[in-house]
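An overview of the molecular structure
Single-letter residue listing:
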Amino acid sequence: GGKTHTMLALYHLVTGGARVAAIPGVADLLRGEAVPGASVAVLVGTALDPARPSREVGALQVQVNTLWGEMAYQLGWTSPKAKNNADREQSAARAFRIVQESDAAGSAPGSNTLVELFDQFSPCGVLIDELVAFMRNIREARHLPAGSFNANMTFVQNLTEAVKRAPHAVLVASIPESAIEMGDARGEEVARRIENTFGRLEAIWQPVAAHEGFEVVRRRLFGEISDEAGRDAVCRAFTDFYRRNPSDFPIEAREGGYYERMLASYPIHPEMFARLYDDWSVLERFQRTRGVLRLMATAIHELWRAGDQSPLIMPGSLPLYSSRVRNELTRYLGEEWNSVVDQDVDGEHADPVRIDGESARFGAVHAARRLARAIFLGSVPQKSTRGIEEVRIRLGVVQPNESIAVYNDALGRLRDRLSHLYTSVGSGGDGRSQGTYWYAVQTNLNRTVGDRSGKVDDDEAYTRLEALLRERKGSGVFAGVHVTPASSADVPDEDRARLVVLSPRYPHSGGKDGRNSDAIKQAQELLDHRGNSPRQRRNMLVFFAADAAGAGSLVQETKRQRAWASIVEDAEVLNLDDSQKRQARDAEQAASKSVQAKLDEAYRWVLVPMQEGTAPQEWEVIGLQGGAMGNTPVDRAGYTVQTNELLIAKWSPLHLKNELDRYLWKDGQPHLGTKQLWDYFTTYLYLPRLKDREVLLETIGAGCRSRDFFAYAEGVDAVGRYLGLAFGQPAPGIYLNESSLVVRPEVAQRQLDEDDAKKPASAGSAAANGVTSGGSGAGTGSEGMGQGGTGTADGGTGSVRDPGPGGAVETHERTAEPARTLTRYYGTTRLDNLKLSSSANQVFQEIVQHLEALIDADVRVTLEVEALSPGGIPEAVVRTVTENARTLKCQSSDFEP
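Throughout what follows, the structure given in this document is the object of discussion.

Basis of the calculations
Residues numbered from 1 in each chain as written. Predicted model: local features only at pLDDT ≥ 70, side-chain atom pairs only at ≥ 80, totals over all residues. Heavy atoms only, no water. Helix = DSSP H or I, 4+ residues; strand = E, 2+ residues; numbered from the N terminus. Buried < 20%, exposed > 50% of the residue type's maximum accessible area, 1.4 Å probe, protein only. Contact = heavy atoms within 4.5 Å. Areas by Shrake-Rupley, 256 points an atom, 1.4 Å probe, with all protein chains shown as cover. 1 Å grid on protein atoms, 1.4 Å probe; cavity = no way out; pocket = protein on both sides within 12 Å on 5 of 7 lines; lining within 4 Å. Points joined across faces, edges and corners; volume = space filled by probe spheres on them. Pairing = 2+ DSSP bridges. Axes fitted to C-alpha atoms, helices over the stretch in contact; angles between N-to-C directions. Polar contact = N/O pair within 3.5 Å; in protein donor to acceptor, adjacent residues only side chain to side chain. Phe/Tyr/Trp six-rings, centres within 6.5 Å; stacked < 30°, edge-to-face > 60°. Salt bridge = Lys/Arg side-chain N within 4 Å of Asp/Glu carboxyl O. Patch = residues over 30% accessible without salt bridge, like charges linked within 9 Å, V, L, I, M, F, W, Y side chains within 5 Å. Core = buried A, V, L, I, M, F, W, Y, C linked by side-chain atoms within 4.5 Å. Expected span 1.5 Å × (residues − 1). Arc of directions from axis to C-beta.

Describing the overall build of the chain
What the chain contains, in helices and strands, is 36 helices and 23 strands. In the chain, which comprises 897 residues, the share counted as buried stands at 44%. Intrachain contacts of the chain at a sequence separation of at least 6 include 66% that bridge at least 24 residues. Split by element, the accessible area of the chain, about 46800 Å² in all, is 48% carbon and sulfur.

What follows is the structure in structure tokens.
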């Protein structure tokens with residue numbers, strides 16, 4: 001322990017004999033020497049009464065009055081030469097007789113007299129405790145048996161001189177360091193004079209160094225460790241954890257010696273002692289050993305009573321909710337700190353407790369509560385350096401196998417919420433934020449923010465969020481994006497796909513199964529009407545909504561941001577100092593970033609109106625996909641609807657033919673106007689949603705090049721013949737107008753067959769011996785005639801050249817070449833590693849879906865991965881990739897040198 005315990009140990013060491021020699025550790029201390037026997041005098045200033053004699057010397061029939069008389073008597077009584085009480089009485093009388101006259105006169109014996117005493121009863125030791133208390137007691141007194149103050153001060157001086165001269169005498173005296181132990185100003189003066197007297201000859205020794213305090217407290221509060229292997233495993237787990245995360249903990253925690261420190265203080269974490277010895281010891285009334293023992297004894301009892309199963313007792317474990325534990329600390333700070341603990345640290349209704357209750361991540365480890373305790377332990381106001389660093393906060397709370405990120409997030413939540421918590425942001429050597437944190441009795445700006453945010457109404461917050469959405473709406477794949485329209489009249493009724501971003505006033509709740517959320521109701525209103533009129537182009541709208549839970553948090557964060565912004569604006573009116581101004585600016589910027597992040601996170605539901613045939617309209621609700629790409633929520637919404645084929649930017653003729661067959665060819669209808677077709681697609685929810693008319697035009701153009709899907713005609717004459725019919729060949733142009741048509745394939749084929757039957761024999765013979773060329777050739781003979789130009793039909797044994805109406809037909813014989821039929825396609829391309837999903841999707845859109853549209857096509861897509869690492873591929877990567885390839889059933893997978 002401390003000073004008194006040290007002198008007790010010395011006393012027993014020289015008087016205990018064989019009993020002391022048997023105590024573990026004593027033999028090591030004596031290094032093989034025998035236990036010393038010596039005369040010992042013990043003078044305790046608080047036990048001696050200066051107004052009364054301390055004892056009688058029976059053999060001399062006199063009383064002992066002074067410190068020097070008591071010292072001489074005890075040296076004689078404890079002489080190792082005395083074998084029984086009679087011998088001790090005679091020895092004590094002989095020793096007292098040396099100072100008897102000085103004791104009777106109340107005057108200090110000279111150093112020569114004291115040397116004589118020490119020589120006769122050597123080896124000897126004098127132990128003096130609480131000397132300042134004794135001297136303070138006689139400072140102003142007169143005519144006391146113990147002598148005057150000056151006489152006692154002279155005795156102290158002569159005593160130190162005599163011990164210096166006596167070869168086998170030792171003097172050990174305790175001198176208090178704290179003003180509390182010295183008492184009043186008179187005691188401080190006495191202490192200074194005594195210290196000056198001893199200072200000429202003293203050898204100062206600190207009874208308990210900080211690192212020794214670990215062992216002292218552990219031995220006083222715990223029994224012997226029965227499971228040393230368990231202790232070693234716990235300490236090793238902690239130190240390994242610190243080494244694996246070097247930037248999150250102090251440097252000394254990663255050094256080899258820290259493991260030994262943990263072993264010495266187990267089951268108490270060294271950081272607990274560091275805070276008590278380094279921080280709390282600066283307080284005037286806090287006693288390094290006794291204060292730590294009192295606090296830890298109380299805390300350990302509370303933890304034992306609560307059944308705490310933590311591997312170590314850490315600063316974050318300190319049960320400040322217990323009034324007994326709390327009082328052991330606040331007694332040194334002042335009563336006003338109790339309210340700080342109740343509100344911001346560990347009270348039943350404290351904010352850290354609420355924060356843990358609001359988040360399952362925090363609540364699982366009591367992150368906010370543990371952090372608040374650790375910060376409080378490092379918040380001693382009298383410290384020269386204010387606060388405790390983040391790395392030390394984490395050292396006092398995080399345990400192995402816990403997520404450091406959870407504690408970092410909870411620390412940020414405390415910083416934003418607590419009224420008495422202050423921060424000073426700094427930067428560590430690795431560039432990371434390494435701020436310091438501390439509690440103070442005065443409230444910080446968080447209280448002002450709380451008051452002001454409470455006065456920001458919901459409408460102001462929604463208006464701010466709507467403005468933010470409009471600032472970064474983007475467009476993505478949509479022809480138009482309409483952010484938080486005030487009414488349905490603000491959303492055009494046009495034939496291009498549009499995204500409507502609903503205000504956070506109308507969030508979606510219930511996930512994919514929600515059918516009656518505010519978002520669905522608002523979207524239905526916008527879908528059904530455009531102002532006072534029914535909406536026509538209903539299949540051109542897609543809606544985007546915020547999640548209800550995320551929207552609630554978003555509104556609260558927006559109110560905080562507006563509150564911080566108002567404090568920045570009113571800095572002069574509020575009379576903020578430079579530190580508070582900086583805090584307000586930093587907090588407003590952080591809140592703005594948080595609002596933007598929460599806004600992006602909240603918008604996660606795409607609402608798409610759907611219909612199956614004549615069934616009632618329904619809503620398909622799709623959450624943004626994890627791999628949704630883009631910088632804004634609108635970009636990610638566009639990616640999501642395209643990926644799920646709810647908005648089509650590239651379409652296959654096969655799919656158009658299927659829709660025509662399923663819904664649009666009515667009662668054997670031979671054709672359908674392209675303009676009418678596009679109107680159907682923009683109107684009816686049971687049809688696919690095309691991005692714009694260009695998608696339909698491209699699909700018709702691609703379809704008429706083949707005879708597998710449909711034909712395209714520029715019009716139809718009075719007798720039902722199609723003009724500009726394109727079937728199995730490219731059309732000169734595709735138009736959406738009143739005359740253009742999509743024609744059933746069988747109807748188009750019938751007209752072509754009729755045209756072939758009417759051709760002259762020579763043309764027919766030529767055509768019979770060959771195949772009419774399509775694709776990118778010069779055109780068919782009939783097309784040439786219609787244009788008045790020159791058409792060519794190649795095949796068989798010759799060619800036919802028709803100059804147009806009234807022209808002559810020339811026949812040229814040539815050797816026929818067999819037509820080449822293409823049956824296989826293959827292609828290889830390199831995908832962008834950083835945009836793998838979008839690169840693959842582009843290949844699908846541009847190549848794969850065209851090949852899949854072929855009726856008899858067997859399309860196979862193979863992904864080939866090749867990696868070259870000149871430095872060598874680590875074994876862990878080899879093992880992981882091999883196992884994953886096996887799970888994915890890759891046809892081939894291997895590594896090679």
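Let us keep going from here.
Digging into empty space enclosed by the protein
Summed over all chains, the structure comprises one cavity of 30 Å³ or more. Taken as a whole, the largest cavity holds about 60 Å³ of empty space. Looking at the largest cavity, the residues that line it are Leu468, Leu469, Arg472, Lys473, Val501, Phe544, Leu599, Asp600, Pro633 and Val634. Sorting the residues of the lining of the largest cavity by element identifies helix 24 (458–471), helix 27 (578–602) and helix 28 (633–643) as the ones contributing at least two each.

Things to note about the sheet that holds strand 5 (residues 169–173)
Ordered by their spatial adjacency, three strands build an open sheet running 1-4-5, and the pairing between neighbours is parallel. Of all strands in the sheet, those bounded by a partner on one side alone are strand 1 (39–44) and strand 5. The average angle at which neighbouring strand axes cross in this sheet is 10 degrees, direction not considered. Of the strand pairs in this sheet, strand 4 (residues 124–129) and strand 5 are connected by five bridges, and their pairing is parallel. Across the sheet, Gly125 pairs through a bridge with Val170, a residue of strand 5. Across the sheet, helix 4 (residues 67–77) is in contact with strand 1 and strand 4; its angle to strand 1 comes to roughly 145 degrees.

Digging into the side chain of Gln751
Tracing the backbone shows Gln751 in helix 32 (residues 745–757). A distance of 2.9 Å separates the side chain of Gln751 from the backbone nitrogen of Tyr722, its partner in a polar contact. Apart from residues lying up to four places away in sequence, Gln751 is in contact with Gly720, Arg721, Tyr722 and Leu725.

Section: the environment of Lys691
With respect to the secondary-structure elements, Lys691 resides in the loop between helix 30 (674–683) and helix 31 (693–704). By relative accessible area, which is 28% here, Lys691 ends up partly exposed. Separated by 151 residues in the primary sequence, Lys691 and Met540 place their C-alpha atoms 7.8 Å from one another. Not counting residues up to four positions away in its chain, the partners in contact with Lys691 are Val477, Arg496, Ala497, Leu647, Ile648 and Ala649.

Considerations on the packing of aromatic side chains
Both the distance between ring centres and the angle between the ring planes are used here to describe each pair of aromatic rings. According to the stated counting rule, one finds 19 aromatic pairs in the structure shown. Here the aromatic rings of Tyr73 and Trp77 are separated by 6.2 Å at their centres, their planes lie at 15 degrees, and the arrangement is stacked. Of the two residues, Tyr73 and Trp77 are both situated in helix 4; the distance of four residues between them amounts to about one turn of the helix. The exposure class assigned to Tyr73 is buried, which follows from its relative accessible area of 6%. By relative accessible area, which is 28% here, Trp77 ends up partly exposed. On the numbers, 6.4 Å between centres and 55 degrees between planes, the contact of Trp280 with Phe376 is tilted. Of this pair, Trp280 sits in the loop between helix 14 (270–278) and helix 15 (290–306) while Phe376 sits in helix 20 (residues 367–377), and the two are 96 residues apart along the sequence. Judged on exposure class, the residue Trp280 and its partner Phe376 are both buried.

Notes on the pattern of salt bridges
A pair can form between side chains of opposite charge whenever their charged atoms are brought close. Applying the stated rule across the entire model yields 37 salt bridges. With a closest N to O distance of 2.7 Å, Arg55 and Glu70 form a salt bridge. Of this pair, Arg55 sits in strand 2 (residues 55–57) while Glu70 sits in helix 4, and the two are 15 residues apart along the sequence. Judged by its relative accessible area of 31%, Arg55 is partly exposed. Taking relative accessible area as the criterion, Glu70 reaches 4% and is therefore assigned buried. A salt bridge links Arg505 to Asp459, with the nearest nitrogen and oxygen atoms 2.9 Å apart. Here the residue Arg505 occupies a position in the loop between strand 10 (498–501) and helix 25 (518–528), and Asp459 occupies one in helix 24, the gap between them amounting to 46 residues.

Regarding a nonpolar patch on the surface
A cluster of nonpolar side chains, Ile873, Val877, Val881 and Phe895, forms an exposed patch at the surface whose accessible area comes to about 280 Å². Its place among the elements puts Phe895 in the segment after helix 36 (875–887).

A look at the environment of Ala857
Looking at the element boundaries, Ala857 is found in the loop between helix 35 (836–852) and helix 36. Overall, Ala857 belongs to the partly exposed group, its relative accessible area being 33%. Put simply, Ala857 and Arg824 are 33 residues apart on the chain and 9.2 Å apart in space, counted from C-alpha to C-alpha.

Thoughts on the nonpolar core
One finds Leu276, Trp280, Met296, Phe376 and Tyr439 to be the most contacted residues of the largest nonpolar core, which totals 67 residues. It is helix 20 that provides the largest number of residues to this core, a total of eight residues. The residues touching Trp280, leaving out its near neighbours within four places in the chain, are Arg275, Phe286, Leu329, Tyr332, Leu333, Phe376, Leu377 and Val380.

Let's talk about helix 12 (residues 228–244)
Helix length check: helix 12, at 17 residues, gives a terminal C-alpha distance of 24 Å against a target of 24 Å (1.5 Å per residue), a fit within 8%. In the core, the buried residues of helix 12 are packed alongside helix 13 (257–265), helix 21 (390–395) and helix 22 (404–417).

Notes on helix 25
What helix 25 keeps buried is the set Ala519, Ile520, Gln522, Ala523, Leu526 and Leu527. One face of helix 25 carries all of its buried residues, which in axial projection span an arc of 165 degrees.

Details of the side chain of Asn338
With respect to the helices and strands, Asn338 occurs in helix 17 (residues 337–344). Accessibility expressed as a relative area gives 15% for Asn338, which makes it buried. Within polar-contact distance, the side chain of Asn338 engages the side chain of Thr330 at 3.5 Å. Of the polar contacts made by the side chain of Asn338, one reaches the side chain of Glu335; its length is 3.1 Å. The residues contacting Asn338, other than those within four sequence positions of it, are Arg326, Asn327 and Thr330.

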